[in-house]
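In case you want the letters, here they are:
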Amino acid sequence: MKVIKVKNYEELSRTAATIIAGVILSKPDCILGLATGSSPVGTYDQLAAMYEEGILDFSHVKSVNLDEYVGLDGSNDQSYRYFMNHNLFDHINIDKKNTFVASGMGDFEANARELEEKVREGGAADLQLLGIGNNGHIAFNEASDH
């Protein structure tokens, strides 16, 4: 693992976007494991700007998100599908058929199996983006309260 220290959130966002851009440029049909939450928003803004500037092409990129809230469909503004569309997918030329966010509706065990199958089908992500919360949690793995 390589640790990169930065001065602030803006520099973090630019650095993370540059790393992701390098993966996309070196492998245009890469699979990105993407995150939701406040941590990646600046990175997604930077990636959208790189697309608008003609630096990046997302037309062959695939993405997988690891979670979704049970009981929320993708049109709910609290859902992760909505988050990804609003913060990234609607601003780049990715084919939404190539984006996977687990369904929060219906049979949650079947949805979890579908997510696992999607990950197995595509293989390991070429890059996995994870956020770190204020309490130190990584992704949706919350710290124990004891």
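Attention here is on the structure that accompanies the text. (Residues numbered from 1 in each chain as written. Predicted model: local features only at pLDDT ≥ 70, side-chain atom pairs only at ≥ 80, totals over all residues. Heavy atoms only, no water.)

**With respect to the nonpolar core**
Put simply, the test is: To define a nonpolar core, start from buried Ala, Val, Leu, Ile, Met, Phe, Trp, Tyr and Cys residues and group those joined through side-chain atoms within 4.5 Å. Note on exposure labels: buried denotes an accessible area under 20% of the residue type's maximum, exposed denotes more than 50%, and partly exposed covers the range between, all computed with a 1.4 Å probe on protein chains only. Strands here are runs of E lasting at least two residues and helices are runs of H or I lasting at least four, both read from the DSSP assignment and numbered beginning at the N terminus. Every residue pair with non-hydrogen atoms within 4.5 Å of one another is taken to be in contact.
Ile24, Leu32, Tyr44, Leu47, Phe58, Met84 and Leu88 are the most contacted members of the largest nonpolar core, which totals 26 residues. If you list the elements that add at least two residues to this core, you get α1 (9-26), β1 (31-34), α2 (41-52) and α3 (80-87). No other element matches α1, which puts five residues into this core. Every residue in contact with leucine 88, bar those within four places of it in the chain, is listed here: Leu34, Tyr44, Leu47 and Phe83.

**What to know about the pattern of salt bridges**
Let me state the cut-off plainly: Any carboxyl oxygen of Asp or Glu within 4 Å of a side-chain nitrogen of Lys or Arg constitutes a salt bridge here.
For the coordinates displayed, the defined rule picks out three salt bridges. Across the salt bridge formed by aspartate 90 and lysine 96, the nearest N and O atoms sit 2.4 Å from each other. Classification of lysine 96 by relative accessible area gives partly exposed; the value is 37%.

**Side note on the packing of α1 against α2**
Quick reminder of the rule: To obtain an axis, a line is fitted to C-alpha atoms, over the contacting stretch when the element is a helix, and the angle between two such axes runs from 0 to 180 degrees between their N-to-C directions. Note on angle classes: values under 35 degrees are labelled roughly parallel, values over 145 roughly antiparallel, values of 65 to 115 roughly perpendicular, and the remainder oblique. Handedness of a helix crossing follows the sense of rotation of the near helix relative to the far helix, less than a right angle counterclockwise being left-handed and clockwise being right-handed. When residue character is reported, Ala, Val, Leu, Ile, Met, Phe, Trp, Tyr, Cys and Pro are called nonpolar, Asp, Glu, Lys and Arg charged, and the others, Gly included, polar.
For the pair α1 and α2, the least separation of the axes is 8 Å and the interaxial angle reads 55°. Taken together, the axis directions place α1 and α2 in an arrangement best described as oblique. Note on packing geometry: the crossing formed by α1 with α2 is right-handed. Between α1 and α2, the residues in contact are Tyr9, Ser13, Arg14, Ala16, Ala17, Thr18, Ile20 and Ala21 and Val41, Gly42, Thr43, Gln46, Leu47 and Met50, respectively. Its residues assigned to classes, the contact of α1 with α2 comprises eight nonpolar, five polar and one charged.

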